[in-house]
Amino acid sequence: QVQLVESGGGLVQAGGSLRLSCAASGVAFSTYDMGWFRQAPGKEREFVAAIKWSADSTYYKDSVKGRFTISRDNGKNTAFLQMNSLKPEDTAVYYCAAGPSVITSATVPSKYVYWGQGTQVTVSS
C-alpha cells in the first residue's frame, strides 16, 4: 500500500520559515518525480514545486522562486520543501505528490499518481 505522509506544517509569522517533509512508503520512491501543491480555501489546487527522481532538475511556481527550495533524500524515501520568507498569501494546505516521469508536466495535478493527505500552513501578518 502506497502512502505519502506530509509533516512540518503549522502557524508562523510573516517572514518566518517552515520545512515540510513528505515520507513515502510502498512505492519505488527513487524512481518517481515528486511535487508539492497547495490549496487555499475557495481556490483550486495549485502547483508549487517539483523535483525529478534524480534530483538534477527542479521547477517552481514563479511566486515562490527564491523563497522555497524542494529537495529529496532517496535513501530515506523523503521529499522536502523548505519555505523561507513566508507571506500570508502562502497560507494553504500543502500536499506532496508522486508520479513516474511527470517532470515535463510537473504543474498538472492529474499527472501524479499518489497524493498525501496534506498539512496546513498558516502565515499570520
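Residues numbered from 1 in each chain as written. Predicted model: local features only at pLDDT ≥ 70, side-chain atom pairs only at ≥ 80, totals over all residues. Heavy atoms only, no water.

Novice: Would you explain the overall build of the protein in this entry?
Specialist: When you go through the protein residue by residue, the secondary structure sums to zero helices and eleven strands. Relative to its length of 125 residues, the protein is compact, with a C-alpha radius of gyration of 13 Å against a globular reference of 14 Å. By principal-axis analysis of the C-alpha atoms, the protein measures approximately 40 × 25 × 25 Å. Of all 125 residues assigned to the protein, the portion counted as buried reaches 42%. When contacts within the protein are restricted to residue pairs at least 6 apart in sequence, those whose partners lie at least 24 apart make up 58%. Counting every atom, the protein has about 6200 Å² of accessible surface; 47% of that belongs to carbon and sulfur. (Helix = DSSP H or I, 4+ residues; strand = E, 2+ residues; numbered from the N terminus. Rg over C-alpha atoms; globule rule 2.2 N^0.38 Å. Buried < 20%, exposed > 50% of the residue type's maximum accessible area, 1.4 Å probe, protein only. Contact = heavy atoms within 4.5 Å. Areas by Shrake-Rupley, 256 points an atom, 1.4 Å probe, with all protein chains shown as cover.)

Novice: Please clarify how the packing of aromatic side chains should be interpreted in this entry.
Specialist: What characterises a pair of aromatic rings is the spacing of the ring centres plus the angle enclosed by the ring planes. Following the criterion strictly, the structure yields five aromatic pairs and no others. Connected via pairs of aromatic rings, a cluster forms that spans F37, F47, Y112 and W115. A cation over a ring is seen here: R45 above Y95, with NZ or CZ 3.9 Å from the ring centre. Directly above the ring of F29 sits R72, whose terminal nitrogen or CZ lies 4.5 Å from the centroid. (Phe/Tyr/Trp six-rings, centres within 6.5 Å; stacked < 30°, edge-to-face > 60°. Lys NZ or Arg CZ within 6 Å of the ring centre and 35° of its normal.)

Novice: How should the sheet that holds strand β7 (residues 68–73) be read in this particular structure?
Specialist: Adjacent strands of a sheet form backbone hydrogen bonds with each other and so pair up, either parallel or antiparallel. One open sheet holds the four strands; their spatial order is β1-β3-β8-β7, and the pairing between them is antiparallel. The sheet is open, and its two borders are formed by β1 (3–7) and β7, each paired with just one other strand. In this sheet, neighbouring strand axes are inclined to one another by 15° on average, regardless of whether the strands run parallel or antiparallel. Note: β7 against strand β8 (residues 78–83), six bridges, orientation antiparallel. Opposite R72, over in β8, you have A79 as the bridge partner. (Pairing = 2+ DSSP bridges. Axes fitted to C-alpha atoms, helices over the stretch in contact; angles between N-to-C directions.)

Novice: Just checking my understanding: could you explain the nonpolar core for this structure?
Specialist: One recurring pattern in soluble globular proteins is that nonpolar side chains are buried together. Ranked by size, the top nonpolar core spans 28 residues in total, and within it W36, V48, F68, L81, M83 and Y94 carry the most contacts. Put simply, the parts of the chain that give this core at least two residues each are β3 (18–25), β4 (33–39), β5 (46–51), β7, β8, β9 (92–99) and β11 (119–124). Ignoring anything within four residues of it in the chain, the contact list for F68 reads R38, V48, Y60, L81, Q82, M83, N84, L86, D90 and Y94. Counting residues in hydrophobic clusters, the runner-up holds eight residues, among them F47, A50, A97 and I103. (Core = buried A, V, L, I, M, F, W, Y, C linked by side-chain atoms within 4.5 Å.)

Novice: Sorry if this is basic, but what is going on with the pattern of salt bridges here?
Specialist: Any two side chains of opposite charge can pair, on the condition that their charged atoms come close. Tallied over the full model, the rule gives five salt bridges. Put simply, E46 and K61 hold a salt bridge, and the shortest N to O gap is 3.3 Å. Placement of the pair is E46 in strand β5 and K61 in the loop between β6 (58–60) and β7, with a sequence separation of 15 residues. Look at E46 and you get partly exposed, because its relative accessible area is 28%. (Salt bridge = Lys/Arg side-chain N within 4 Å of Asp/Glu carboxyl O.)

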